[in-house]
Amino acid sequence: MKEKLFKIIYNHFPDSNNDASNWKLVLNNSNSDISFYHLLNMVHYFVAYHIKEGALDLSIVIYDNKQPVGVMPLMVHKDKQSGWILSSNGKNIVDPVFIDTLATKTKKRLEKNLVALIYDLANQLNIKQCQFINIQYFNLSSWYLMWAERAKEAFSTHHLLVDLTQSLDNIFLKFRKSIRERINQGFKEFKVEAHEQVTIELFERFRLLHKLVAGRVTRPIESWSKQKQQIDEKESFIVTISDKNNDLIGAGLYSYSRDIGYSSVSAYKREWFNKPLGHPVRMKAIEIFKNKGLKWHEMGQKHLKMDTPRPIEKELSISHHKEGFASDIIARQHLIVQMNLDDKN
């Protein structure tokens, strides 16, 4: 199967490869807001997350006249109920990214080639439909609009942001009053530290804390290894919170692209849940993001009762908590597209 899929890719993009240095070169030469879904290491993380489901990395650097001009994050994994899923992150297919100096005509040609590639990969894997997401915050990309012409269904999700272009004082003042109080209390009572260089020992303490809090192993060890690699390659960091005895009672792992910082995973000891642990940890992460010159901190989805599937009460509660930090709430568009070959063109 792997050989057949790569043969399809090379039929459409004969010069394509997965070169990490050229991938970064493309991202660095694009003025688009780069999401963490566009980081090659993030694709590797999602592949590792689904490794037991036969996940394969199909991501490519796209070349024109032998020069790297674009990247397309892409992977497949096999769900027990749905069969093969073609995506960029285990669920959605995101926009490709192209360098800014690429001619509009060339970009359109390459996007059309990518559309044809996705149809052919889906046909090979007997995939009936794919889900696309407009990852940009405040506009609809040409890529999204091409798929919108083919879509059978569209829906929105809502996401919570912190505007990092504001001063730290203004960011703090826009938080909900109770959030500000809990942040101040947390910094007074606990030791909060950011770790941009993380030892194996500290990372293992964090992983085992997550296992303890969850009560089980929630995902493959390979995915944790990829997150450690992201830290080593300056795409993630850990914020820890400790008690007066310097015992670790919680931590959060935060990932970032050139433009946007994200909440990846966190864990806090249950016996401390009545204390403000996550509040100062997120504030410390926001400070780090701000110091790095990022534009936005994306905290996650704002769940609504009307969402499908309907969120559970815990999800609604977490969403309400995060909303206390948010300066902006945006609607992100999704498309469901039937992978009929008749619609290929």
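The coordinates are above.
These numbers were taken from a predicted model, which means no experiment stands behind them. (Residues numbered from 1 in each chain as written. Predicted model: local features only at pLDDT ≥ 70, side-chain atom pairs only at ≥ 80, totals over all residues. Heavy atoms only, no water.)

## Re the overall build of the chain
Of the regular secondary structure elements, the chain holds eleven helices and 14 strands. By the compact-globule yardstick of 20 Å for 345 residues, the chain fits well, its C-alpha radius of gyration being 21 Å. Seen along its three principal axes, the alpha-carbon backbone of the chain occupies a region of about 60 × 40 × 40 Å. Counting contacts in the chain only where the partners sit at least 6 residues apart, residues at least 24 apart contribute 73% of the total. Per element, the accessible surface of the chain, about 16900 Å² overall, is 48% carbon and sulfur. (Helix = DSSP H or I, 4+ residues; strand = E, 2+ residues; numbered from the N terminus. Rg over C-alpha atoms; globule rule 2.2 N^0.38 Å. Contact = heavy atoms within 4.5 Å. Areas by Shrake-Rupley, 256 points an atom, 1.4 Å probe, with all protein chains shown as cover.)

## Quick look at the pattern of salt bridges
If you walk through the whole model with that rule in mind, you get twelve salt bridges. Lys191 is paired through a salt bridge with Glu193; the nearest N and O atoms lie 3.8 Å apart. Overall, Lys191 belongs to the partly exposed group, its relative accessible area being 38%. On the accessibility criterion, Glu193 (29% relative accessible area) is partly exposed. Here Lys228 ties to Asp232 by a salt bridge, and the two come within 2.7 Å at their closest N and O atoms. Pair noted here: Lys228 and Asp232 are both in helix 9 (residues 221–232), with a separation of four residues, about one helical turn. Given the relative accessible area of 14%, Lys228 is considered buried. For Asp232, a relative accessible area of 45% gives the class partly exposed. (Salt bridge = Lys/Arg side-chain N within 4 Å of Asp/Glu carboxyl O. Buried < 20%, exposed > 50% of the residue type's maximum accessible area, 1.4 Å probe, protein only.)

## Some remarks on the packing of helix 8 (residues 200–214) against helix 9
Where helix 8 meets helix 9, the axes come as close as 11 Å, and the angle between the chain directions of the two elements is 135°. Comparing their axes, helix 9 and helix 8 come out oblique. The two elements helix 8 and helix 9 cross, and the hand of that crossing is right-handed. Where helix 8 abuts helix 9, its residues Ile200, Phe203, Phe206, Arg207 and His210 lie against Ile221, Trp224, Gln227, Lys228 and Ile231. Looking at side-chain class alone, the contact of helix 8 with helix 9 contains six nonpolar, two polar and two charged residues. (Axes fitted to C-alpha atoms, helices over the stretch in contact; angles between N-to-C directions. Parallel < 35°, antiparallel > 145°, perpendicular 65-115°, else oblique. Left-handed = near helix turned anticlockwise from the far one by under 90°. Nonpolar A, V, L, I, M, F, W, Y, C, P; charged D, E, K, R; others polar.)

## Regarding helix 1 (residues 2–12)
Taken as a whole, helix 1 has its buried residues at Leu5, Ile8, Ile9 and His12. Projected down its long axis, helix 1 carries its buried residues within an arc of 100°, all on one side. Summarising the geometry of helix 1, the exposed residues directed more than 90 degrees from the buried face are Glu3, Lys7 and Asn11. (Arc of directions from axis to C-beta.)

## Here we look at the sheet that holds strand 12 (residues 260–268)
Strand order in the open sheet made by the eight strands is 7-14-8-13-12-11-10-9, with mixed pairing throughout. Each edge of the open sheet carries a strand with a single partner, namely strand 7 (129–133) and strand 9 (191–195). Pairs of neighbouring strands in the sheet enclose a mean axial angle of 30°, with direction left out of account. Direction of pairing for strand 7 relative to strand 14 (residues 328–338): antiparallel, over a ladder of five bridges. Residue pairing across strands places Cys130 opposite Val337, the latter belonging to strand 14. (Pairing = 2+ DSSP bridges.)

## Looking at the nonpolar core
A general tendency of soluble globular proteins is for nonpolar side chains to be buried together. Grouped together as the largest cluster of nonpolar side chains are 65 residues, with contacts concentrated most on Leu86, Phe132, Trp143 and Trp147. Residue contributions to this core peak at eight residues, all from helix 4 (residues 104–124). Discounting chain neighbours no more than four positions away, the residues touching Phe132 are Ile93, Ile118, Trp143, Trp147, Gln333, His334, Leu335, Val337 and Met339. Of all hydrophobic cores here, the second largest spans 28 residues; its members include Ile171, Phe175, Ile179 and Val192. (Core = buried A, V, L, I, M, F, W, Y, C linked by side-chain atoms within 4.5 Å.)

## Let's talk about the packing of helix 7 (residues 177–189) against helix 10 (residues 278–291)
Helix-helix packing: each pair is described by the crossing angle between the helix axes and the interaxial distance. Look at helix 7 against helix 10: their axes get within 7 Å of each other, and the N-to-C directions meet at 90°. If you check the angle between helix 7 and helix 10, you find them roughly perpendicular. Listed contacts from helix 10 to Ile179, Arg182, Ile183, Gly186 and Phe187 of helix 7 are His279, Pro280, Met283 and Lys284. In terms of residue class, the contact of helix 7 with helix 10 is built from five nonpolar, two polar and two charged.

## Describing helix 8
When the terminal C-alpha atoms of helix 8 are compared, their 21 Å separation across 15 residues agrees well with the 21 Å that a helix rising 1.5 Å per residue should span. When helix 8 is considered as a whole, its buried residues turn out to be Leu202, Phe203, Phe206, Arg207, Leu209, His210 and Val213. Down the axis, helix 8 shows its buried residues gathered within 155° of arc, on one side only. What points out from helix 8, more than 90 degrees from its buried face, is the exposed set Ile200, Glu201 and Leu212. Looking at the buried residues of helix 8, the elements they touch are strand 9, helix 9, strand 10 (236–242), strand 11 (248–256) and strand 12. The first or second residue beyond helix 8 is Gly215, which carries a positive phi of 80°. (Expected span 1.5 Å × (residues − 1).)

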